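Given next are the chains, with one letter for each unit.
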Amino acid sequence: NEKNSFGFYLTNHPVNLYKSKYDNIVALVNLPNYFNKVVTCIVMIDKVKTVNTKKNETMAFVLGSDEETTFDFVLFPKVYSNDNQCHRFVTLLNG
């Protein structure tokens, strides 16, 4: 794996294969420009930590990356239970 060996990708980042298939994908580096707006991102899932809330609902803290940067996402119980795809290698996130 290029990432494990060198710390970065020598060839294309895995999300590049998927970005060309969708319109209006926001790069993670640009997310701060879309505060309080609904956007679509394609991210590679680097790390997932799930926790149970006081109401015993599962939520997740996700570290995702694209070809430019990494970003932390919080999937609250309603979102996590509706679309639990955060354990995939590359996923489409709307929110």
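Attention here is on the structure that accompanies the text. (Residues numbered from 1 in each chain as written. Predicted model: local features only at pLDDT ≥ 70, side-chain atom pairs only at ≥ 80, totals over all residues. Heavy atoms only, no water.)

1. Some points on the pairing of strand E2 (residues 58–65)
For the record, the criterion: Pairing between strands is defined by DSSP: at least two bridges between them are needed. Put simply, DSSP H or I for four residues or longer makes a helix, DSSP E for two residues or longer makes a strand, and each gets a number counted from the N terminus.
As paired strands, strand E1 (residues 40–52) and E2 are joined by eight bridges and run antiparallel to one another. Note on E2: the bridge partner recorded for Asn-52 is Thr-58. Two successive antiparallel strands, E1 and E2, enclose a turn made up of five residues, where Asn-56 displays a positive phi of approximately 60°. Bridge analysis of E2 against strand E3 (residues 70–75) gives six bridges, and the strand direction is antiparallel. Bridged to Gly-64 within E3 is Phe-71. Connecting E2 to the next strand, E3, in antiparallel fashion are four residues.

2. Notes on the pattern of salt bridges
The condition is simple: Salt bridges are defined as contacts in which a side-chain nitrogen from Lys or Arg sits within 4 Å of a carboxyl oxygen from Asp or Glu.
This model, assessed by the stated rule, comprises two salt bridges. Across the pair Asp-66 and Lys-19 runs a salt bridge, and its minimum N-O distance is 3.7 Å. You can see Asp-66 sitting in the loop between E2 and E3 and its partner Lys-19 sitting in helix H2 (residues 16–19), a full 47 residues away along the chain. Between Lys-19 and Glu-67 there is a salt bridge, and its shortest N-O distance comes to 3.1 Å.

3. Some remarks on the side chain of Lys-19
Short version of the rule: For the exposure calls, accessible area comes from a 1.4 Å probe over protein chains only, and a residue counts as buried if that area is under 20% of its type's maximum, exposed if over 50%, partly exposed in between. What makes two residues a contact is simply this: any of their non-hydrogen atoms within 4.5 Å.
Exposure remark for Lys-19: the relative accessible area of 17% places this residue in the buried category. Every residue in contact with Lys-19, bar those within four places of it in the chain, is listed here: Ile-25, Ala-27, Ile-42, Asp-66 and Glu-67.

4. Describing a nonpolar patch on the surface
Put simply, the rule reads: By definition, no residue in a patch forms a salt bridge, and every one has over 30% relative accessible area; like charges are joined within 9 Å, nonpolar side chains (Val, Leu, Ile, Met, Phe, Trp, Tyr) within 5 Å. Using the Shrake-Rupley algorithm and a 1.4 Å probe, accessible areas are obtained, with residue cover drawn only from the displayed protein chains.
On the surface, Leu-17, Tyr-18 and Tyr-22 cluster together to form a nonpolar patch covering roughly 320 Å² of accessible area. As for its placement among the helices and strands, Leu-17 is situated in helix H2.

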